[in-house]
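Residues per chain are reported as follows:
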Amino acid sequence: MGAKVNSAAAGTANYVDERTSIGGFVKFFARKLFPDHWSFMLGEIALYAFIILLLSGVFLTAFFVPSMTEVHYEGPYETMHGVAMTEAFASTLKTSFEVPGGLLIRQIHHWSALLFVAAIMTHMCRVFFTGAFRKPRELNWLIGFSLMVLALAAGFTGYSLPDDVLSGNGLRIIDGVIKGIPLIGTYISYWLFGGEYPGVDIIPRLFTAHILIVPALILALIGLHLFLVFLHKHTQYPGGGKTHKNVVGLPLFPVYTAKAGGFFFVVFAIVALVASVFTINPVWNYGPYDPSPVSAGTQPDWYILFVDGALRLMPGWLFGLPLEWEILGYTISWNILIPSLIIPGIFFAIIALYPWIEAWATGDKGERHVLDRPRNVPVRTGIGVAMIMFYVLLVIEGSNDIVASLFHLSLNDITIFLQWAIFIIPPLSFWITKRICMGLQRKDRELVLHGHESGTIVRHENGEYIEVHTPLDEQEVWLRVNYPNHKPLEIADEFNDRGVRRKGYKWDRFKQKLSRFYYEERVEPVTWEEYQEALHHHDHGPSAQGEAEAAEAQQADAQLTNEWDKQDKAGAADK
Amino acid sequence: MHALAKKRHHKAAPLLLVVVLLALITAIGAFSATSATATSEASADDIADGERLFAANCASCHGLDAEGQDGVAPSLVGVGAAAVDFQVGTGRMPMQASGPQAPAKPVQFTQEEINQLAGWVASLGAGPAIPTAEQVDPALGDAANGMEVFRTNCAMCHGSIGGGGALTQGKFAPSLLETTPTHLYEAMLTGPQSMPVFNDANVTPEHKRDVIAYIDAQRAGSPGGLSLGAIGPVSEGLWAWLLLLGLIIASTVWVGARSS
Ligand code: HEM
């Protein structure tokens, strides 16, 4: 049955190929289009989403009216007849229902906005887990971080433009958060909204931010970001022949250029497909903004959900104490400040500063162009997973009403559960991830020292049964033994020999503690000696054939030794 | 403050109960005479059948005389035919498992039996009647006005177009997209369980019909394509990750695998 289908498929392919020679074409593109690893395309997906956003955004700008002047709807959409609304909302309806292709372009714009942020975040995770942020790429990490923040800003300002009930509620929450800032909050809010919320200025102002300021900044920073990628050259996954001193890959031009152009159309096609099949942000359902109604299922776009979730998670009282204080006639609302400003602030600060935090712990001053396998840096990988879990829990809490009605759970139970989970799950997932990573490292050691299990059992003359292990080839060994083996920092004594306290001791001590947290527990890579010993150990029961094989293996090893050696020296020089 | 209110409540409760019971008994007496006019469609035969059905299916909870039992089920005196038609017609009654909220389930009676039950319950005390076909005809309503009425009165629980939403403690406002116009009307009129009553002074009969027209308009589907459950940005976000980013990454991996 399977064979029949296969031969039928092959027949069809052959038929098409003979008439179009598409086979060669596919081969050509398949070979040249994509680089050695799909995860290097994540940044590119973000880039293409941004280009789609620019193109579709220009179209929308031609029809959107950024004004809060009140009009009565007279267009074709039945459930809006005669309804009072702002020009901004009316023009959004007009774009959707009267401009040819307008609705499709709106949906393309919004779907690619969601894609943009999702791609940025996965790209950021790729860079994080592979350690691509290490010297000399820390600055580019920071630029990338700014791009992420700007992407959130772009999304939020755009989401608010149609002036519908849903986004209006979102703005209302932001207004509340701003007003929660002690002393200056109300002033900022008045300044931003041009008076009491909502006023008539906010839409034109958001418009300027959304179509001019934020995209211009993003464009400039993307330019800088890519320039630095170009300057530093791309990092590479570990493997034979790849060192911190070279780059193995395809030439940028013309192969990379052609490949990138092709990939843009793939992304564009998928976005267009999704946008033409699935509704997004149906503002005609939500209706024009009016401060009084709030509907169930009121949520921001997914990338802002974590703030909403933090707000929903925060109790108003803690152990019987109110979290709203009144000091000298000023109200301080910790129940707003903590979830909406302090926690996101800390979370984002950790992301922004992470390359330096790790560099302190590692004390590594060398350039790192070969990526880490996540398992080889268990603590970093654990931290990353814990932060993702933290974020995801907040997103779930931000969707708690949807989760409750979907799974028929109690809204209150979900919140109470998550109030505990937010403290328990991230540390737990850190610990589990770290264990899994170290387990994988041990398994790698096993493999290097004892080879693959071949499944063949051999009986020796003395009656002993052993399983034959086939040794790993050079590439496989290389992958598993070449990683920076960092050890906790050693620091100079607190007092020098004259008993005077050393300057900077406290800072060093902090770095040492951090370093112990990272590297106290570790799995050492297999050393050359261990490897040799294991090889000889396996050579029992010598035969003529065995000897010949051993000689061959030795020859291959000689090459490897050199590299192994060099690698170690390079590593040592870095320190 | 809280504790005090609780205490006061406790002391007054028995007294209140007696007053309410007395009032109920007088009400039943007063209305049983006029019940024939209140339920003009139900014949005496129907009412008798209704009583039998009730005794067999409902009395275990609501009591033989439908006056309810403390802690089991409420009195049905004066809830009207509309309440029975809604509760039995959506399958909520007879209730089965106890939970945060009696859920809608497959209907267990024919419309004729429901009418008989409704007729009997209506004969116990005047209450809202089952609306006429004209009262609930979406074609006669103004969907745009319905949108505004819905947004101010219903969307906070049922979502922006009636896709449903969660309330506290496991209760939820169900999706309205499958509900019949008559049941929509009756729900507004009788306010089942956690839902408030929207009497005719609150939301006029015309406005109720406008709401029905609005909900009906939603059934035509979204102009933008498939609506992903009409529950807003959360489902959109999920789809952006799973479908959009998922497809794109899958295509890079696929082509990458083909080339090697
Ligand atoms: C507007 C958003 C962004 C765009 C368009 C973008 C684009 C790119 C592209 C095309 C690459 C090269 C290909 C690749 O490695 O994926 C790249 C690399 C890089 N990106 Fe981004 N990026 C964005 C956001 C970010 C963010 C949020 C971060 C981290 C906070 C970041 C950090 C980096 C780093 C460190 C590299 C170098 C990686 C390496 O050489 O292995 N980028 N970016």
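**Student:** Mind laying out the interface of chain B and chain A, listing which residues take part and the relevant values?
**Tutor:** Listed as interface residues are 50 residues of chain B and, on the opposing side, 65 residues of chain A. Together, the buried faces of chain B and chain A total about 4600 Å²; carbon and sulfur atoms form 72% of this surface. Across the contact surface, chain B and chain A share zero salt bridges. Run the count over chain B and chain A and you get eight residue pairs in polar contact (both at pLDDT 80 or more). Elements supplying a minimum of two residues to the side of chain B that touches chain A: α7 (143-153), α8 (155-158), β1 (165-166), α10 (205-218) and α11 (233-259) of chain B. Considering each element in turn, the side of chain B that touches chain A owes the most residues, 19 residues, to α11(B). Classifying every residue of the side of chain B that touches chain A gives 29 nonpolar, 17 polar and four charged.

**Student:** Tell me about the pairing of strand β8 (residues 465-470) of chain A, residues and numbers included.
**Tutor:** Residue and element names in this part refer to chain A. With five bridges connecting them, strand β7 (residues 452-459) and β8 associate as antiparallel partners. Considered in β8, the bridge of Glu-453 is made with His-469. Between β7 and β8, which follow one another and run antiparallel, lie five residues, and Gly-463 among them has a positive phi close to 95 degrees.

**Student:** Can you lay out the packing of helix α14 (residues 378-398) of chain A against helix α16 (residues 411-450) of chain A for me, pointing to particular residues and giving the numbers?
**Tutor:** All names here are of chain A. Two elements in contact, α14 and α16, have axes separated by 8 Å at closest approach and are oriented at 155 degrees. Considered as vectors, α14 and α16 are oriented roughly antiparallel to each other. In the packing of α14 onto α16, the handedness of the crossing is right-handed. Residues that form the contact of α14 with α16 fall into these classes: 19 nonpolar, six polar and two charged.

**Student:** How would you summarise the domain arrangement of chain B if you had to cite specific residues and measurements?
**Tutor:** All names here are of chain B. We note that the domain assignment places domain 1 (44-122) and domain 2 (138-230) within chain B. On the domain 2 side, the residues contacting the twelve residues of domain 1 number 14 residues. Around 1000 Å² of area is buried between domain 1 and domain 2 when both sides are counted, 56% of it from carbon and sulfur atoms. Considering only the side of domain 1, the residues that lose the most area to domain 2 are Phe-86, Pro-100 and Gln-101, jointly responsible for 51% of the buried surface there. Seen at the junction of domain 1 and domain 2, the total is zero salt bridges. Where domain 1 touches domain 2, the interface holds three residue pairs in polar contact (both at pLDDT 80 or more). Taken together, the residues that form the side of domain 1 that touches domain 2 break down as six nonpolar, four polar and two charged.

**Student:** Tell me about the environment of Ile336(A), residues and numbers included.
**Tutor:** All names here are of chain A. Of note, Ile-336 is situated in helix α13 (residues 334-362). With 13 residues separating them along the chain, Ile-336 and Leu-323 place their C-alpha atoms 8.9 Å apart. Excluding residues within four positions of it along the chain, Ile-336 makes contact with Gly-176, Val-177, Leu-311 and Leu-341.

**Student:** Help me get a handle on the coordination of the iron atom of the ligand, residues and values and all.
**Tutor:** Residues and elements named next belong to chain A. Coordination of the iron atom of the ligand by the protein comes from His-123 (NE2) and His-225 (NE2), over a distance range of 1.9 to 2.1 Å. Viewed at the metal, the six donor atoms of the iron atom of the ligand are separated by angles of 82 to 178 degrees, and the geometry they form is octahedral. With His-123 in helix α5 (residues 102-129) and His-225 in helix α9 (residues 202-232), this pair connects stretches of sequence that are 102 residues apart. Assessed through its relative accessible area of 15%, His-225 is described here as buried.

**Student:** Summarise the environment of Asp401(A); cite the residues concerned and give the values.
**Tutor:** Within the fold, Asp401(A) resides in helix α15 (residues 400-407). Each C-alpha atom of the pair Asp401(A) and Gln299(A) lies 9.9 Å from the other, and the pair is 102 residues apart in sequence. For Asp401(A), the contacting residues outside a window of four places in its chain are Ala296(A), Gly297(A), Gln299(A), Arg312(A), Leu411(A) and Ala166(B). Within the local environment of Asp401(A), its side chain forms a polar contact with the side chain of Arg312(A), the two groups lying 3.2 Å apart.

**Student:** Account for the confidence of the model for chain B, with residues named and values stated.
**Tutor:** All names here are of chain B. In this model, chain B carries an average pLDDT of 80, and 82% of its residues clear a pLDDT of 70 or more. Confidence, expressed as mean pLDDT per element, reaches its minimum in chain B at helix α2 (residues 35-38) with 37 and its maximum at helix α9 (residues 181-190) with 92. Per-residue pLDDT stays below 50 along residues 1-9; that stretch engages in zero contacts with residues further than four places along the chain or on separate chains. In this model residues 28-40 is a low-confidence stretch, pLDDT under 50, and it forms twelve contacts with partners more than four residues away in sequence or in other chains. With pTM at 0.83, the complex prediction returns an ipTM value of 0.80.

Rules of the game
- Residues numbered from 1 in each chain as written.
- Chains lettered and ligands numbered in written order.
- Predicted model: local features only at pLDDT ≥ 70, side-chain atom pairs only at ≥ 80, totals over all residues.
- Heavy atoms only, no water.
- Contact = heavy atoms within 4.5 Å.
- Buried area = accessible area lost by both parts, 1.4 Å probe.
- Salt bridge = Lys/Arg side-chain N within 4 Å of Asp/Glu carboxyl O.
- Polar contact = N/O pair within 3.5 Å; in protein donor to acceptor, adjacent residues only side chain to side chain.
- Helix = DSSP H or I, 4+ residues; strand = E, 2+ residues; numbered from the N terminus.
- Nonpolar A, V, L, I, M, F, W, Y, C, P; charged D, E, K, R; others polar.
- Pairing = 2+ DSSP bridges.
- Axes fitted to C-alpha atoms, helices over the stretch in contact; angles between N-to-C directions.
- Parallel < 35°, antiparallel > 145°, perpendicular 65-115°, else oblique.
- Left-handed = near helix turned anticlockwise from the far one by under 90°.
- Domains from an automatic or database assignment.
- Donors = N, O, S within 2.8 Å, 3.2 Å for Na, K, Ca; no water.
- Tetrahedral: all angles 85-135°; square planar, octahedral: opposite > 155°, others 65-115°.
- Buried < 20%, exposed > 50% of the residue type's maximum accessible area, 1.4 Å probe, protein only.
- pLDDT = per-residue confidence, 0-100.

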